[in-house]
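Working through the structure, step by step
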Amino acid sequence: MSDASSIRTEILSLVSRHPGGETDPSVCSEYQSLLSQFKKAGGADDDVVFTIGKVLYKCGTAEPPSVPSPPAPAAKTEDQCIIPFEYMREFMKDVFVAYGTPSDRADTCADVLIAADLRGIDSHGLGRLKPIYCDRIDAGILKSNAPIEILKETDTTALVDGNLGLGLYVGPYCMDMAIKKAKKHGVGMVFTKNSTHYGIAGHYAVMAADAGCVGLTGTNARPSIAPTYGTEPMLGTNPLTFGIPTSDPFPFVIDCATSTNQRGKIEMYERAGKSTPRGCVVDVNGIERTDTSGILRDMVAGTCALTPVGGAGIDTAGYKGYGWATAVELLCTAVQSGPWGADVCGVDRETGKPAPMPLGHFFMAVDLEPLVPVETFKNNAGKLLQALRGSRKDPRGPGRIYTAGELENVAMTERTAQGGMVVPPSLQKNMLLLRGKFESLQEKYSELPFEAGGK
């Protein structure tokens, strides 16, 4: 019998041919047969191939499955609606076009946002279309279309000016440049100035990993994190994000803020009417806050701050998150001679009026092929990750260990199977408001899926 590794490769090949899930009995039967062979050959019970089988092919065990049921169709209820991803992607693209973004750039912007919703990162997808991008364009502090200028360039590095255009198209441009330099010279690194919010950092890490590179990216943001022993917001939530190719059907991607929580999550708590978990936010008096609406208001005023990863003080090593946040801030401002702190808070604190937020980013790609065959690297990485997932479990835990990027992949398969993304009432309202602004949107989207009779 073939060894478990080769059977696993066959399973992943089947997934690549049928990535969206299947109701065809022959495909499900083939997947089930491979799972059974994998198990008999010594494959781990908690390997990700079982999760994929359960979610997409209704056969997540080594035992014969029941008759597979079809993926849940798009559904509508009184409070929420499941809308297909392609529909939402097209809607977001059309919104950017209506604001004056060229079609190709609007296409890129929509790709970045829908990637967040696909991966289960609801704080950075449709939820940010209106408040982070459209409202800022309306306020005149972000440009729907601006030239991208290469200010300085070497074979392996570059400094790029985004001219306050949408970070959603500036970011992909810069990571693509870093990847091209890496493919030609082994490594590429691009620094960006005068950009704006660029969406989920993980999107750029995935770009590099998909190209056979190790990817690294980071961005600064409006001041939110207080230094260790401080209460004043000085640093952005500043993600430091890696993307690494593996033999799994998804890359290893660690994409998280350097704070215990981040503003997008707190905004999501507000939309859901939830309190913010204790320990994530402190005010000027050092009091831990949980009142979500008050937190968002006071963060703008600069009278409360997020705690760094590890929390306040040093008892739980908050200085580590503080140090990582500072490293990202330095790489986003020092090369660029860019602003930080109050100068990127988005509000003129003297007048209270909206102000531009010229952000810095950095993008790095390292091509693996000159050093090691990419497939060898992927297999080596996969063995380590599989060992981590297969290590001894906490008997009080959920019974499973995850590696970075896995939960996002699970979310993607589940959401694909259910027919799209859940759009709650608050975001339905935003879609209606955006449609009402432009005649082109009113004509194309005369009836949205959540409206009476919507398709």
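Residues numbered from 1 in each chain as written. Predicted model: local features only at pLDDT ≥ 70, side-chain atom pairs only at ≥ 80, totals over all residues. Heavy atoms only, no water.

1. Some words on the overall build of the chain
How we decide: Starting at the N terminus, helices and strands are each numbered in turn, a helix being any DSSP run of H or I of at least four residues and a strand any DSSP run of E of at least two. Burial classification: accessible surface area is computed with a 1.4 Å probe over protein chains only, and a residue below 20% of its type maximum counts as buried, one above 50% as exposed, and the rest as partly exposed. Throughout, a contact is declared for two residues whenever any of their heavy atoms are within 4.5 Å. Note that accessible areas follow from Shrake-Rupley with a 1.4 Å probe, and for residues the cover is restricted to the protein chains shown.
Counting secondary structure elements, the chain contains 15 helices and 11 strands. Residues counted as buried form 51% of the 455 residues belonging to the chain. Counted over contacts in the chain with a minimum sequence separation of 6, partners at least 24 positions apart contribute 68%. By element, 55% of the accessible surface of the chain is carried by carbon and sulfur atoms, the whole surface being about 20300 Å².

2. Side note on unusual backbone geometry
Residues other than glycine predominantly adopt negative phi, and peptide bonds predominantly adopt the trans conformation. Its identity is not glycine, yet Tyr229 carries a phi of approximately 75°, on the positive side. With respect to the helices and strands, Tyr229 occurs in the loop between β5 (213–219) and β6 (240–244). Since its relative accessible area comes to 67%, Tyr229 is described here as exposed.

3. Overview of helix α10 (residues 292–301)
Looking at α10, one finds that the buried residues are Thr292, Gly294, Ile295, Leu296, Asp298 and Met299. Those residues of α10 that are buried lie in contact with α9 (263–272), β8 (281–283) and β9 (304–306). Among the residues trailing α10, Gly302 stands out with phi positive, at a value near 80°.

4. Some details on the pairing of strand β4 (residues 187–195)
For the record, the criterion: At least two DSSP bridges between two strands are required for those strands to pair. Here is how to tell: hold the view so the strands point away, follow the path from the first strand over the helix to the second, and if it runs clockwise the crossover is right-handed.
The sheet contact formed by strand β3 (residues 157–161) and β4 spans 5 bridges and is parallel. Bridged to Val160 within β4 is Thr192. For the segment spanning β3, helix α7 (residues 167–185) and β4, crossover handedness is right-handed. The pairing of β4 with strand β10 (residues 359–367) spans 7 bridges and is classified as antiparallel. Of the residues in β10, the one forming a bridge with Ser195 is Leu359.

5. Remarks on the sheet that holds strand β7 (residues 252–254)
Operational definition: Orientation is described by axes fitted as lines to C-alpha atoms, over the contacting stretch for helices, and by angles from 0 to 180 degrees between their N-to-C directions.
Spatially, β2-β3-β4-β10-β5-β6-β7 is the arrangement adopted by the 7 strands of the open sheet, whose pairing is mixed. Looking at strand neighbours, the two that pair on one side only are β2 (149–153) and β7, the edges of this open sheet. Direction aside, neighbouring strands of the sheet carry axes that sit 15° apart on average. Sheet topology places β5 next to β6; 4 bridges connect them, and they run antiparallel. Bridge pairing in β6 places Gly215 opposite Gly243. Lying on the sheet, helix α8 (residues 202–210) is in contact with β5, β6, β7 and β10; it crosses β6 at an angle near 25°.

6. A word on the packing of helix α6 (residues 126–138) against helix α14 (residues 425–437)
We apply this condition: In this scheme, a crossing is called left-handed if the near helix is turned counterclockwise away from the far one by less than a right angle; it is called right-handed if the turn is clockwise. Charged residues are taken to be Asp, Glu, Lys and Arg, nonpolar residues to be Ala, Val, Leu, Ile, Met, Phe, Trp, Tyr, Cys and Pro, and polar residues to be all remaining types, Gly included.
Put simply, α6 and α14 touch, their axes get as near as 9 Å, and they point 35° apart. Relative to α14, α6 is oriented so that their crossing is left-handed. In this structure, α6 uses Leu126, Gly127, Leu129, Lys130, Pro131, Cys134 and Asp138 to contact α14, whose residues at the interface are Leu427, Asn430, Met431, Leu433, Leu434 and Lys437. Grouping the constituent residues of the contact of α6 with α14 by class yields 8 nonpolar, 2 polar and 3 charged.

7. So, empty space enclosed by the protein
Here is the rule: Buriedness of a pocket was judged along seven lines, with at least five required to meet protein on both sides within 12 Å; pockets are open sets of points on a 1 Å grid over the protein atoms alone, cavities are sets where a 1.4 Å probe fits but cannot get out, and lining residues have an atom within 4 Å of a point. Grid points are joined across faces, edges and corners, and a volume is the space filled by probe spheres set on the points.
A full pass over the atoms with the stated rule returns 3 cavities of 30 Å³ or more. Forming the walls of the largest cavity are Arg136, Ile141, Leu142, Thr196, His197, Pro356 and Met357. Grouping the amino acids of the lining of the largest cavity by side-chain chemistry returns 4 nonpolar, 2 polar and 1 charged.

8. Considering the packing of α7 against α8
Quick reminder of the rule: Roughly parallel refers to an angle under 35 degrees, roughly antiparallel to one over 145, roughly perpendicular to one between 65 and 115, and oblique to any angle outside these ranges.
Taken N-terminus to C-terminus, the directions of α7 and α8 make an angle of 30°; their axes are 10 Å apart at the nearest point. With respect to α8, the axis of α7 lies roughly parallel. Once α7 is placed against α8, the crossing between them reads as right-handed. On α8, the residues touching Gly167, Leu168, Gly171, Pro172, Met175, Asp176 and Ile179 of α7 are Tyr204, Met207 and Ala208. Among the residues making up the contact of α7 with α8, the classes are represented as 7 nonpolar, 2 polar and 1 charged.

9. Here we look at the layout of surface pockets
Within this model, the largest pocket holds a volume of roughly 690 Å³. Taken together, 37 residues line the largest pocket, and the ones lying closest to its centre are Ser123, His124, Thr237, Ala257 and Gln262. Counted by class, the lining of the largest pocket contains 14 nonpolar, 14 polar and 9 charged residues.

10. Some points on the confidence of the model for the chain
Note the following rule: pLDDT is a per-residue confidence score from the predictor, ranging from 0 to 100.
Taken as a whole, the chain shows an average pLDDT of 89; of its residues, 87% reach a score of 70 or greater. Throughout residues 19–23 the model reports pLDDT below 50, and contacts reaching past four residues in sequence, or to other chains, amount to 13 contacts. Low pLDDT, under 50, characterises residues 62–77; the predicted model gives this stretch 33 contacts beyond four residues in sequence or across chains.

11. Description of α8
Of all the 9 residues making up α8, 7 are buried; the element is thus mostly covered by neighbouring parts of the structure. Of the residues making up α8, those classed as buried are Gly202, His203, Tyr204, Ala205, Val206, Ala208 and Ala209. Tucked inside the fold, the buried residues of α8 contact α5 (103–118), α7, β5, β6, β7 and β10. Residue Gly212 follows α8 closely and has a positive phi angle near 80°.

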